[in-house]
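Report on the structure
The lines below spell out each chain.
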Amino acid sequence: MRRALKWLLAAAAVIAAYLLFWPTPLDPYAWTPPLDPGTGPGSPFRPTQPLRSDADLAAAVIQTKYADAGRPVNFGPEDVAVRPGEGRVYTGIGDGSILSIDPASGETRFFANTGGRPLGVTFDATGDTLYVADAKLGLLSVDRAGSVTVLANAADGEPATFADNLDVAGDGTVWFSAPTREHTLEQVTLDVWDSRPTGRLLRYDPQTRTASVKLDNLFYANGVALAQDESFVLVAEFLAFRITRYWLKGARAGTHDVFVDGLPGYPDNITRTPDGRFLVGLSLQRVPGLDKVRPYPWKVKIIYRLPGFMKPKPQYPGYLMEFDATGRLLRFAADETEDVTAQVTSGTVLSAGDAKRTTEVVVGSLLVPSVRKVELRPVDASLTLAAQ
């Protein structure tokens, strides 16, 4: 009996030593996240409708390319843009391809290949230039012929080859995000574990052809979108569950504040709608088991060392939110089917609706291998939810 007890104590000591001291690739940041509001009754973020796909565009092409590439993680069409005057949908995928899709028929053409990993995509007002945030090459432009040019891969003397999302101003200035100084896109899981504020909001000046840092120490700078009057620019802080606003005009120019905070998931891309609102995809649901231990880096490491079946299981629901220019939540389409990957990283309006007509939107995802068409129902303004 004593021998068995000794063996049990020895085994317990070995397990404790492993959980406490075994080397990990992590360097967690100690901070306290805002409370998780969830999406249920009493939450300021209650869904206003289900998220349902009316059509899966380019699915066959994307799935074939995905298989040809060896099925790597995060291969999907992360962002979507509609070319002005043409109406076709453009998106980048994991093998560097940029695809052009007819939203009515689903007919898909190869448009360009960046040679890297295109993430954020947006057109200038004329539709002549597609700007691309590339995870390996930085900020790029692509002309109508599909010719690719590297615009910026550094900012203030520091590398900025991992660009995530972007928006372009009327004068050709490009605002874009560099999410992390720590890892690559393939290592985004480590960024989620570490939750370190090393992201940047960058500004590319087309006159000087240089990029500069406007906001630093962001929690994984992700989605970027300008206000319709260009009075401010938004940047999603993916790991902090908030969207930050950087003022460009008026008495507050050069300062920043919080646009939306305490989201129920990780905010990804932001796209301005034709009427000046903002569509935001949340690509990952909050992970309560990680939120609770964020103030204690050593506890984060313990959870990381656990066997896979004991770690908190990530959930990738389909979350697409629409906010007005003040940060008020107007519409929230959600697919919360448990253990189903319905992830939405971005949304772009195909055809605008109004108080009586639905708005047709295309959405992108790193994990869903197609561009989906969804409808946002009209919502009575008196019933909208205020984002807290």
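Counting from 1, residues in each chain are numbered in the order their sequence is written. Reporting in this predicted model follows two pLDDT cut-offs: at least 70 for local features of residues, and 80 or more for side-chain atom pairs to be given and counted; totals over whole chains, interfaces and linings ignore these cut-offs and use all residues. Excluding hydrogens and water, the side-chain figures rest on all heavy atoms present in the structure.

1. Considering unusual backbone geometry
A negative phi holds for most residues other than glycine; trans holds for most peptide bonds. Despite not being glycine, tyrosine 220 has its phi angle at roughly 60°, a positive value. Secondary structure elements are defined from DSSP: runs of H or I of at least 4 residues count as helices, runs of E of at least 2 residues count as strands, and each element is numbered from the N terminus. Its location among the elements puts tyrosine 220 in the loop between strand 16 (210-218) and strand 17 (221-226). Burial classes follow relative accessibility: with a 1.4 Å probe on protein chains only, a residue under 20% of its type's maximum area counts as buried, one over 50% as exposed, and anything between as partly exposed. Classification of tyrosine 220 as buried rests on a relative accessible area of 3%. Its identity as a non-glycine residue notwithstanding, aspartate 339 has a phi of 65°, on the positive side. Within the fold, aspartate 339 resides in the loop between strand 24 (329-335) and strand 25 (346-351). Accessibility expressed as a relative area gives 48% for aspartate 339, which makes it partly exposed.

2. Focus: a nonpolar patch on the surface
A cluster of nonpolar residues, Leu5, Leu8 and Leu9, forms a patch on the protein surface that exposes about 330 Å² of accessible area. With respect to the helices and strands, the residue leucine 8 is situated in helix 1 (residues 2-21). Exposure above 30% relative accessible area and no salt bridge define the residues that can form patches, which grow by joining like charges within 9 Å and nonpolar side chains of Val, Leu, Ile, Met, Phe, Trp and Tyr within 5 Å. To measure how exposed things are, a 1.4 Å probe is used in the Shrake-Rupley method; for residues, cover is taken only from the protein chains shown. Whenever a carboxyl oxygen of Asp or Glu lies within 4 Å of a side-chain nitrogen of Lys or Arg, that contact is scored as a salt bridge.

3. A closer look at the sheet that holds strand 24
As summarised here, the arrangement of the five strands in space is 1-24-23-22-21, forming an open sheet in which the pairing is mixed. Single-partner strands in this sheet number two, and they are strand 1 (49-50) and strand 21 (265-272). Only when DSSP finds a minimum of two bridges between them are two strands counted as paired.

4. Things to note about the pattern of salt bridges
This structure, assessed with the given rule, holds 20 salt bridges. For aspartate 291, the salt bridge goes to arginine 286, with nearest N and O atoms at 2.8 Å. In this pair, the class of aspartate 291 matches that of arginine 286, namely buried. Put simply, lysine 313 and aspartate 339 hold a salt bridge, and the shortest N to O gap is 3.2 Å. With lysine 313 in the loop between helix 5 (297-305) and strand 23 (318-323) and aspartate 339 in the loop between strand 24 and strand 25, the pair connects residues that are 26 residues apart, well separated along the chain. When its relative accessible area of 57% is taken as the criterion, lysine 313 is described as exposed. What emerges from the salt-bridge pattern is a single network uniting Glu158, Arg181, Arg200 and Asp216.

5. Description of the packing of aromatic side chains
For any pair of aromatic rings, the description consists of the separation of the ring centres together with the inter-plane angle of the planes. Stacked, tilted and edge-to-face are the three classes assigned to paired rings of Phe, Tyr and Trp, where Trp is represented by its six-membered ring and a pair needs centres within 6.5 Å; plane angles under 30 degrees give stacked, over 60 edge-to-face, the rest tilted. Enumeration according to the criterion identifies 16 aromatic pairs in this entry. When the centroid spacing of 6.4 Å and the interplanar angle of 25° are considered together, the rings of tryptophan 31 and phenylalanine 241 count as stacked. In this pair, tryptophan 31 sits in the loop between helix 1 and strand 1 while phenylalanine 241 sits in the loop between strand 18 (232-237) and strand 19 (242-247), placing the two residues 210 residues apart along the sequence. With relative accessibility at 1%, the residue phenylalanine 241 sits in the buried group. Ring geometry for tyrosine 90 and phenylalanine 111: centres 5.2 Å apart, planes at 85°, overall edge-to-face. Taken as a pair, tyrosine 90 in strand 4 (residues 89-92) and phenylalanine 111 in strand 6 (residues 108-113) lie far apart in primary sequence, 21 residues in all. Each of the two residues, tyrosine 90 as well as phenylalanine 111, counts as buried. What links up through ring pairs into an aromatic cluster is the set Tyr29, Trp31, Phe219, Tyr220, Phe238, Phe241 and Tyr266. Any Lys NZ or Arg CZ that is within 6 Å of a ring centre and within 35 degrees of that ring's normal is treated as a charge sitting over the ring. If you follow arginine 286 out to its NZ or CZ, it ends over the ring of phenylalanine 241, 3.8 Å from the centre. The positively charged end of lysine 299 is found above the aromatic ring belonging to tyrosine 296, 4.4 Å away from the centroid.

6. Re the sheet that holds strand 25
Reading across the sheet, the four strands line up as 2-27-26-25 and stay open at both edges, with antiparallel pairing between neighbours. Because the sheet does not close on itself, it has two edges, and the strands there are strand 2 (55-57) and strand 25. Strand-to-strand twist in this sheet, taken as the mean axis angle between neighbours without regard to direction, amounts to 35°. Inspection of the sheet shows strand 25 paired to strand 26 (residues 359-364) by five bridges, in the antiparallel sense. By the bridge assignment for strand 26, serine 351 is matched with glutamate 360. To define axes, lines are fitted to C-alpha atoms, for helices over the stretch in contact only, and angles between the resulting N-to-C directions are given on a 0 to 180 degree scale.

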